[in-house]
Protein chains: 2
Amino acid sequence: MPSPVNRQWLLASRPSGMVGPQHLTLREQPLPEPGAGEIVVRTRLLSLDPANRAWMSPVPTYKAPVAPGDVMHGFALGEVVASKVTDIAVGDLVDGMLGWQDYAVMKPADVTRRDGRYRPEALMGVLGITGLTAYYGLREVGRPKPGETVLVSAAAGAVGSIAAQIARIEGCRVVGTAGGPEKCAWLTDTLGLDAAIDYKSADLRRALKEACPRGIDVYFDNTGGAVLQAALYQMNMGGRIVCCGNLSQYNAEKPEPGPIGVPGLLVVKRLRMEGFIVMDYFATRPQAEATLAKWIEEGRLKAAEDIVDGLEKAPEALAELFAGRNRGKLLVRVS
Amino acid sequence: MPSPVNRQWLLASRPSGMVGPQHLTLREQPLPEPGAGEIVVRTRLLSLDPANRAWMSPVPTYKAPVAPGDVMHGFALGEVVASKVTDIAVGDLVDGMLGWQDYAVMKPADVTRRDGRYRPEALMGVLGITGLTAYYGLREVGRPKPGETVLVSAAAGAVGSIAAQIARIEGCRVVGTAGGPEKCAWLTDTLGLDAAIDYKSADLRRALKEACPRGIDVYFDNTGGAVLQAALYQMNMGGRIVCCGNLSQYNAEKPEPGPIGVPGLLVVKRLRMEGFIVMDYFATRPQAEATLAKWIEEGRLKAAEDIVDGLEKAPEALAELFAGRNRGKLLVRVS
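Please read these numbers as outputs of a predicted model, since none were measured by experiment.

What counts, and where the lines are drawn
- Residues numbered from 1 in each chain as written.
- Chains lettered and ligands numbered in written order.
- Predicted model: local features only at pLDDT ≥ 70, side-chain atom pairs only at ≥ 80, totals over all residues.
- Heavy atoms only, no water.
- Helix = DSSP H or I, 4+ residues; strand = E, 2+ residues; numbered from the N terminus.
- Rg over C-alpha atoms; globule rule 2.2 N^0.38 Å.
- Buried < 20%, exposed > 50% of the residue type's maximum accessible area, 1.4 Å probe, protein only.
- UniProt positions renumbered as here; feature names shortened; annotations may be inferred.
- Core = buried A, V, L, I, M, F, W, Y, C linked by side-chain atoms within 4.5 Å.
- Contact = heavy atoms within 4.5 Å.
- Pairing = 2+ DSSP bridges.
- Least-squares fit on C-alpha atoms with pLDDT ≥ 70 in both.
- Axes fitted to C-alpha atoms, helices over the stretch in contact; angles between N-to-C directions.
- Salt bridge = Lys/Arg side-chain N within 4 Å of Asp/Glu carboxyl O.
- Polar contact = N/O pair within 3.5 Å; in protein donor to acceptor, adjacent residues only side chain to side chain.
- Domains from an automatic or database assignment.
- Nonpolar A, V, L, I, M, F, W, Y, C, P; charged D, E, K, R; others polar.
- Disulfide = S-S within 2.5 Å.
- Phe/Tyr/Trp six-rings, centres within 6.5 Å; stacked < 30°, edge-to-face > 60°.
- Parallel < 35°, antiparallel > 145°, perpendicular 65-115°, else oblique.
- Expected span 1.5 Å × (residues − 1).
- Arc of directions from axis to C-beta.

J.: Sorry if this is basic, but what is going on with the overall build of chain A here?
T.: When helices and strands are tallied, chain A shows 10 helices and 15 strands. Compactness check: chain A gives a C-alpha radius of gyration of 20 Å against a globular reference of 20 Å for 335 residues, within 12% of the reference. Expressed along its principal axes, the backbone C-alpha trace of chain A runs to roughly 60 × 45 × 35 Å. Counting the 335 residues in chain A, one finds 57% classified as buried.

J.: Honestly, the UniProt feature "domain: Enoyl reductase (ER)" (unreviewed entry) in chain A in this entry has me stumped. Any pointers?
T.: Per the UniProt annotation, the sites labelled "domain: Enoyl reductase (ER)" (unreviewed entry) are residues 20-332 of chain A. End-to-end, the C-alpha atoms of residues 20-332 of chain A are 16 Å apart, and along that stretch the chain is 30% helix and 24% strand.

J.: Explain the nonpolar core to me, please; I cannot follow it from the model alone.
T.: In globular proteins that are soluble, nonpolar side chains generally tend to be buried together. Core analysis: the biggest nonpolar cluster contains 50 residues, and Tyr219 and Met273 of chain A together with Tyr219 and Met273 of chain B have the highest contact counts within it. Each residue touching methionine 273 of chain A, except ones within four places of it in the same chain, is listed here: Leu228, Ile241, Cys243, Val262 and Leu266 of chain A together with Val262, Pro263, Leu266, Leu271, Arg272 and Met273 of chain B.

J.: Please clarify how the pairing of strand β10 (residues 195-198) of chain A should be interpreted in this entry.
T.: Residues in a regular strand point their side chains to alternate faces of the sheet. Across 4 bridges, the pairing between strand β9 (residues 173-178) of chain A and β10 of chain A is parallel. Residue pairing in the sheet places glycine 176 of chain A in a bridge with alanine 196 of chain A of β10 of chain A.

J.: Help me understand the relation of the copies chain B and chain A in this model?
T.: The operation relating the pair of chain copies consists of a rotation about an axis and a translation along that axis. Superposing chain B onto chain A requires a rotation of 180° together with a translation of 0.0 Å along the rotation axis, leaving an RMSD of 0.0 Å. This pairing of chains is accounted for by a two-fold axis. Identified as the residue of chain B closest to the rotation axis by C-alpha distance is glycine 258 of chain B, at 2.0 Å. A share of 100% of interface residues in chain B that are also interface residues in chain A marks the association as one of identical surfaces.

J.: Honestly, the sheet that holds strand β11 (residues 216-221) of chain A in this entry has me stumped. Any pointers?
T.: To summarise the sheet geometry, strands pair through backbone hydrogen bonds and adopt either a parallel or an antiparallel arrangement. Across the sheet, which stays open at both edges, the 12 strands sit in the order β10(A)-β9(A)-β8(A)-β11(A)-β12(A)-β13(A)-β13(B)-β12(B)-β11(B)-β8(B)-β9(B)-β10(B) with mixed pairing between neighbours. Looking at which strands have only one partner, the edges of the open sheet turn out to be β10 of chain A together with β10 (195-198) of chain B. Strand after strand, the sheet turns through a mean of 15° between neighbouring axes, direction not considered. Against the sheet, helix α4 (residues 158-169) of chain B engages β8 (149-152), β9 (173-178) and β11 (216-221) of chain B, with an angle of about 170° to β8 of chain B.

J.: Even after reading the chapter, I still don't get the interface of chain B and chain A, so can you show me in this structure?
T.: In many analyses, interface size is given as the accessible surface area lost on bringing the parts together. Listed per partner, the contact involves 32 residues of chain B and 32 residues of chain A. Seen at the junction of chain B and chain A, the total is 2 salt bridges. For the salt bridge of aspartate 280 of chain A with arginine 270 of chain B, the shortest nitrogen-to-oxygen distance reads 3.5 Å. Taken together, chain B and chain A are joined by 6 residue pairs in polar contact (both at pLDDT 80 or more). Listed by contribution, the elements that provide at least two residues to the side of chain B that touches chain A are β12 (235-243), α8 (264-268) and β13 (272-275) of chain B.

J.: Help me understand the domain arrangement of chain A, please; the structure alone is not making it clear to me.
T.: All names here are of chain A. Annotation of chain A at the domain level lists domain 1 (6-125 + 304-333) and domain 2 (129-279). Distance between the C-alpha centres of domain 1 and domain 2: 28 Å. With 17 residues of domain 1 in contact, the opposing surface of domain 2 contributes 16 residues. Inspection of the domain 1/domain 2 interface yields 0 salt bridges. Put simply, domain 1 and domain 2 have 7 residue pairs in polar contact (both at pLDDT 80 or more) between them. Per-class residue counts for the side of domain 1 that touches domain 2 are 8 nonpolar, 6 polar and 3 charged.

J.: Just to check I follow, could you spell out the state of the cysteines for this structure?
T.: Two cysteines form a disulfide when their sulfur atoms are joined by a covalent bond. Residue and element names in this part refer to chain B. Per the stated rule, a full pass over the model turns up 0 disulfides over all chains. Its sulfur unpaired, cysteine 184 is 13 Å from the next cysteine sulfur, which belongs to cysteine 212. On the basis of relative accessibility, which here comes to 8%, the residue cysteine 184 falls in the buried class. No disulfide involves cysteine 212; its sulfur sits 12 Å from that of cysteine 172, the nearest cysteine.

J.: Where do I start with the packing of aromatic side chains in this structure?
T.: Aromatic ring pairs are reported here in terms of the distance separating the ring centres and the angle at which the planes meet. Residue and element names in this part refer to chain A. On inspection of all chains with the given rule, the structure shows 6 aromatic pairs over all chains. With 5.3 Å between their ring centres and 15° between their planes, tyrosine 136 and tyrosine 281 make a pair best called stacked. Of this pair, tyrosine 136 sits in helix α3 (residues 129-142) while tyrosine 281 sits in the loop between β13 (272-275) and α9 (285-297), placing them 145 residues apart in sequence. The exposure class assigned to tyrosine 281 is partly exposed, which follows from its relative accessible area of 21%. Ring pairs connect the aromatic residues Tyr135, Tyr136, Tyr281 and Trp295, which therefore count as one cluster.

J.: Got a minute to help me understand the pairing of β13 of chain A in this structure?
T.: Residue and element names in this part refer to chain A. Residues Arg272 and Glu274 point to one face of β13 and Met273 and Gly275 to the other, with burial holding for every one of them. Pairing of strand β12 (residues 235-243) with β13 involves 4 bridges; the strand directions are parallel. The partner of isoleucine 241 across the bridge, within β13, is methionine 273.

J.: What is the right way to look at unusual backbone geometry in this model?
T.: With the exception of glycine, the majority of residues adopt a negative phi angle, and the majority of peptide bonds are in the trans configuration. Cis rather than trans, the peptide bond between valine 262 of chain A and proline 263 of chain A has omega equal to 10°. Mapped onto the elements, proline 263 of chain A comes out in the loop between β12 and α8 (264-268). We note that arginine 270 of chain A has phi near 50°; this positive angle belongs to a residue other than glycine. Among the structural elements, arginine 270 of chain A can be located in the loop between α8 and β13. Classification of arginine 270 of chain A as partly exposed rests on a relative accessible area of 22%. Of note, the phi angle at arginine 143 of chain B is positive, near 45°, even though the residue is not glycine. By the element assignment, arginine 143 of chain B lies in the loop between α3 (129-142) and β8.

J.: Just checking my understanding: could you explain the side chain of threonine 177 of chain B for this structure?
T.: One can find threonine 177 of chain B in strand β9. Those residues within four positions of threonine 177 of chain B in sequence are excluded, and the remaining contacts are Leu151, Val152, Ser153, Ala154, Ala155, Ala156, Leu187, Ile197 and Val227 of chain B.

J.: Looking at this structure, I do not really get the packing of α3 of chain A against α9 of chain A. What am I missing?
T.: Each pair of packed helices gets described by two things: the angle between the helix axes and the distance between those axes. Residue and element names in this part refer to chain A. As a packed pair, α3 and α9 sit with axes 10 Å apart at the nearest point and diverge in direction by 105°. In terms of orientation, α3 lies roughly perpendicular with respect to α9. Contacts between α3 and α9 involve Gly131, Leu132, Tyr135, Tyr136 and Arg139 from the first element and Arg285, Ala288, Glu289, Thr291, Leu292 and Trp295 from the second. Residue classes in the contact of α3 with α9 are distributed as 6 nonpolar, 2 polar and 3 charged.

J.: Please explain α4 of chain B as it appears in this structure.
T.: All names here are of chain B. Here α4 spans 17 Å end to end across 12 residues, near enough to the 16 Å set by a 1.5 Å rise per residue. Taken across its 12 residues, α4 has 11 buried, putting it largely inside the fold. Taken together, the buried positions of α4 are Ala158, Val159, Gly160, Ser161, Ile162, Ala163, Ala164, Gln165, Ile166, Ala167 and Ile169. Positive phi shows up at glycine 171, right after α4, with a value of about 90°.

J.: Is there a simple way to think about helix α5 (residues 181-189) of chain B in this case?
T.: An α-helical turn contains 3.6 residues, so any two residues separated by three or four positions project in the same direction. All names here are of chain B. Along α5, the positions that sit buried rather than exposed are Lys183, Cys184, Trp186 and Leu187. All buried residues of α5 fall inside an arc of 160° around its axis, so they share one side. Among the exposed residues of α5, those pointing more than 90 degrees away from its buried face are Pro181, Glu182 and Asp189. Its buried side turned inward, α5 meets α4, β9 and β10.

Structure (structure tokens):
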């Protein structure tokens, strides 16, 4: 049911350390009207991502930080409810940086029209930025060959769960790390990974050695921290580290030093460590989406979503994300 | 004058911390005879490189470490003085891992015939592995575009002095770091760099900001350590870090943590950090050598060599290398 007002979560104060509900505050505004050349989008699903935390800090990332008092930034899927442009109609499904609110006034250039034949949850997960991040990061940056060993950290997370499955589809031996025995069992039993390591309880270096007896060729890194450190020692000559995220550090009070072996092991083992941004690959987005959709249809790729109901729950849900309680893509159903 | 005996420097003990003459011991052996399928090479010029230190440690690099009691490994240029093979004749000039000795028994597959038209010093520097490392590392790994800013650490060293000059030839703004005002003046006045920073006295982060007002696009890293740390903060979006060496750490007693910003800044700025080994590019070695030779002939690339006379001086010279006293390629003239 549409909200009769526009509820907005504002950044109340910049978190130092772990983010929590105390850093956000709820405001109610009247429903917005579109100006000339604008549309109004009603949010249906809000994506919660580790990047949300980064946008709360004062340091610019690929976009400017959120200022205290501003509507919290967030990527979301929604339905157009008012339009003053010719090429987007009321009822169209679009995604973009709608923010943590019921209604967003947007310019057409800042949204992407999505295909209503797919489940909305899939459009925000495996068929959205999340799936494309896994797809391009693994294939274009990591470039695994069949038979190689691929390690994925936060493999039960949104991007990790897809990256790990794609690596399996590519014919690789795939090992994932996750927090806790339930998530690890899910990785091997449901997603079909070759091995899973509970990073909270394992001696990581030994566990990686055992799970990757022929070393690691591609490490898809969502976490940085201890898993990156252990992985560096096990990387094979010519190995590639896909720098996708730094989950272990987003809530750190101050920046930690990097892992031992940077740059020494990069020189000696000719390793490549590379960050990327999914938008750089969007020239082939339709083909990538079609491939991901085909894999889902064939049952080779499982979409995993974790849905929280109600915009009012968003701040708690973000804290849960960093506590590692979700499995797969974490979404807030707003309407 | 050829030595009447074969003098050999053996690794006496593995250094912990800074390497010095106490870690090597001299032995005299009779002149060797070639067996079937072998040649004997008389060393003319021995190359001293930071890698020598790495080979003394117990950790394998791209080759096995030197064992105590073994002849110290070293890359060298020499003249064939005896041959039991058909395709290499007495008088031929070859290079390879001849070791720290007057005479080496070699198999033809382990040496490369060199062109006697060039100066021997150039064959071991700008036209040898050193020059090719700079050439391929900068062009194939760093891939600078004209107008971009390139930073080179240890820019007065063997590889760095060539990499920096090639970056100038490619049309880049080039900034180098070196130890001491004399070397810095040499970089700007003789090699034509746009700016030089004395890493021993400068506030590196501020100095880099001033010398690279438009940020750094390619960092050719020969040192790791403080320069890498400062460079990471100044890297532009999509920047590339060529991991060529880790000079600041080779004599460290224990491994240091990596720089702050790995992997965080790699993710946010989409940076690529990549190690390489020059041999991987040898398919195009003749073209690369021809290009380097042409640049020298045209006066666009200056060869810089620092020659120490006498095999007996090799251990002291290696210590001098790590004290940063050489300028350009450090060679020992053996005969």
